[in-house]
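So you can see what is in the structure, the chains are spelled out below.
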Amino acid sequence: MSRVAVLAGGQSLERQVSLRSGARVRAALERLSHEVIAIDVGPDLVDQLADTEPDVAFVALHGRDGEDGTVQEILELMGVPYTASGPSACIRCMDKVLTKHTLRDAGLPTPEFYAFSQTAFDSLGAGRALPAIEERLEFPVVVKPAAQGSALGIRFAPTAADVPAAIVAAFSYDTKVLLERHVAGRDLAVSVIDGVDGPEALPIVEAIPRDGDHYDFEARYEIGRTDFVCPADLEKQTTQRAQALAVAAYRALGCYGFARVDLMLESDGIGLTVLEANAIPGLTETSLLPQAVEAAGVSFTAFVERVLNLALARAPA
Ligand SMILES: Nc1ncnc2c1ncn2[C@@H]1O[C@H](COP(=O)(O)OP(=O)(O)O)[C@@H](O)[C@H]1O
Ligand SMILES: [Mg+2]
């Protein structure tokens with residue numbers, strides 16, 4: 001039995017999802033008879049950790065601060081073992097531009113893209129390079145902020161005329177944006193968990209948008225606008241290739257414990273390409289990783305126990 005601090009909430013736009021992830025993790029820890037300390041992450045985080053002296057922390061934060069390595073740095077400093085990836089993998093996963101460079105450097109497929117910062121736009125005239133970018137990527141393109149989740153700020157731009165407004169929208173979420181080739185195809189999420197023989201991919205979840213929502217990415221996250229199928233209806237070979245790609249991405253990004261890799265199966269039914277990885281994916285009743293865990297025949301409680309043991313097993317830095 002351990003004293004487990006469950007870190008949830010925080011100040012990111014994904015606070016509400018995090019609170020639900022945290023509640024579910026707490027219930028599982030209680031079923032496992034661990035002592036649970038619930039911490040809503042805020043300015044008193046260090047004090048709370050110092051006062052409560054947990055044996056281990058379960059990080060159930062999503063988005064900024066929690067998923068981007070900041071809280072992990074603090075936990076390292078405080079000498080508290082914690083679940084899932086360390087700071088460097090969190091930093092790589094939180095920034096889609098860095099994720100894509102890392103994947104590309106590792107020889108893994110990710111859609112072609114160009115990224116620029118607000119500074120490049122404001123002070124270096126990057127806007128004037130847009131036609132060249134657009135020519136190379138071909139339309140339609142997808143415009144997205146480098147950091148963010150839940151499809152916030154992601155826009156589909158069918159023509160050049162749609163790009164400026166999409167960029168302005170993306171800049172309202174982050175100071176760095178990317179223009180990415182649009183991939184027509186199927187949306188797959190592959191969760192990866194570390195096991196005794198290294199990382200293993202779980203059954204694939206396919207997100208299937210209902211009619212009319214194909215290009216409104218934000219709407220897909222509204223309840224009832226998307227159907228989730230797990231295991232995805234794919235040929236065995238395709239499933240295995242997607243799972244192998246997800247594990248390769250997980251390794252290239254340096255993830256630990258668990259993570260979820262979002263990829264696309266191109267409309268030719270053959271090409272696979274990685275969009276992003278989530279270092280701390282949602283853990284709510286309706287989240288994709290828990291669906292995959294269940295489809296693998298593992299209870300959520302057993303998953304929590306495994307992740308906690310992995311945190312305790314990680315050698316201190
Ligand atoms: N290049 C792209 N081509 C086609 N669809 C995309 C592309 N980028 C994002 N999408 C759609 O938007 C969703 C969210 O994008 P993603 O890059 O996973 O960001 P996040 O999940 O962090 O918001 C994807 O699951 C996919 O449906
Ligand atoms: Mg995603």
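Residues numbered from 1 in each chain as written. Chains lettered and ligands numbered in written order. Predicted model: local features only at pLDDT ≥ 70, side-chain atom pairs only at ≥ 80, totals over all residues. Heavy atoms only, no water.

Participant: Pulling in residues and values, what's your account of the sheet that holds strand S3 (residues 56–59)?
Facilitator: With parallel pairing, the three strands of this open sheet are ordered in space as S2-S1-S3. The two strands at the open ends of the sheet, each matched to only one other strand, are strand S2 (35–40) and S3. The average undirected angle you get between the axes of adjacent strands in this sheet is 25 degrees. The pairing of strand S1 (residues 3–8) with S3 spans four bridges and is classified as parallel. Residue pairing in the sheet places alanine 5 in a bridge with alanine 57 of S3. Sheet contacts for helix H12 (residues 300–313): S1 and S3; angle to S3, the most-contacted strand, approximately 130 degrees. (Pairing = 2+ DSSP bridges. Helix = DSSP H or I, 4+ residues; strand = E, 2+ residues; numbered from the N terminus. Axes fitted to C-alpha atoms, helices over the stretch in contact; angles between N-to-C directions. Contact = heavy atoms within 4.5 Å.)

Participant: Go over the pairing of strand S13 (residues 272–278) with me, naming the residues and quoting the values.
Facilitator: Burial analysis of S13 places seven of its seven residues in the buried class, which makes it a mostly covered element. Note that strand S12 (residues 258–266) and S13 share six bridges and pair antiparallel. Opposite arginine 260, over in S13, you have asparagine 278 as the bridge partner. Connecting S12 to the next strand, S13, in antiparallel fashion are five residues, including glycine 269 with a positive phi near 75 degrees. (Buried < 20%, exposed > 50% of the residue type's maximum accessible area, 1.4 Å probe, protein only.)

Participant: Pulling in residues and values, what's your account of unusual backbone geometry?
Facilitator: Note the cis peptide between phenylalanine 139 and proline 140, where omega equals -5 degrees. Within the secondary structure, proline 140 is located in the loop between helix H7 (130–137) and strand S5 (141–145). With omega at -5 degrees, the peptide bond leading from cysteine 230 into proline 231 counts as cis. Tracing the backbone through its elements, the reader meets proline 231 in the loop between strand S11 (226–229) and helix H10 (236–253). Backbone geometry places serine 33, a non-glycine residue, at a positive phi of 65 degrees. One can find serine 33 in the loop between helix H1 (15–31) and S2. Located in the positive-phi region is glutamate 138, a residue other than glycine, with phi close to 65 degrees. The residue glutamate 138 is located in the loop between H7 and S5 in this model.

Participant: Give me the lowdown on the environment of glutamate 138, citing residues and values where you can.
Facilitator: Residue classification places glutamate 138 among the exposed positions, given a relative accessible area of 56%. Considered as a pair, glutamate 138 and arginine 181 are 43 residues apart in the sequence and their alpha carbons are 7.2 Å apart.

Participant: Now, about the coordination of the magnesium ion (ligand 2): what can you tell me, with residues and values included?
Facilitator: Protein-derived ligands of the magnesium ion (ligand 2) are Asp262 (OD) and Glu276 (OE), with the metal-ligand distances lying across 1.9 to 2.0 Å. Residue aspartate 262 is located in strand S12, and its partner glutamate 276 is located in strand S13; the two are separated by 14 residues in the primary sequence. (Donors = N, O, S within 2.8 Å, 3.2 Å for Na, K, Ca; no water.)

Participant: Could you give an account of the nonpolar core, with specific residues and numbers?
Facilitator: Nonpolar side chains in soluble globular proteins tend to be buried together. By size, the foremost hydrophobic cluster in this structure holds 42 residues, and its most contacted members are Leu7, Ile39, Leu75, Leu188 and Leu263. A per-element tally of this core places H10 first, with seven residues. Aside from chain neighbours lying at most four places away, what touches isoleucine 39 is Ala5, Val6, Leu7, Ala8, Leu45, Gln48 and Leu49. Ranked by size, the runner-up nonpolar core spans 25 residues in total, among them Val6, Ala28, Leu202 and Phe303. (Core = buried A, V, L, I, M, F, W, Y, C linked by side-chain atoms within 4.5 Å.)

Participant: Describe in detail the packing of helix H4 (residues 87–94) against helix H5 (residues 96–105), supporting the description with residues and values.
Facilitator: Running from amino to carboxyl end, H4 crosses H5 at an angle of 105 degrees, the nearest separation of the two axes being 5 Å. Comparing their axes, H5 and H4 come out roughly perpendicular. Residues Ile91, Arg92, Cys93 and Met94 of H4 form the contact with H5, whose own contacting residues are Lys96, Leu98, Thr99 and Thr102. Looking at the contact of H4 with H5 residue by residue, the class counts come to four nonpolar, two polar and two charged. (Parallel < 35°, antiparallel > 145°, perpendicular 65-115°, else oblique. Nonpolar A, V, L, I, M, F, W, Y, C, P; charged D, E, K, R; others polar.)

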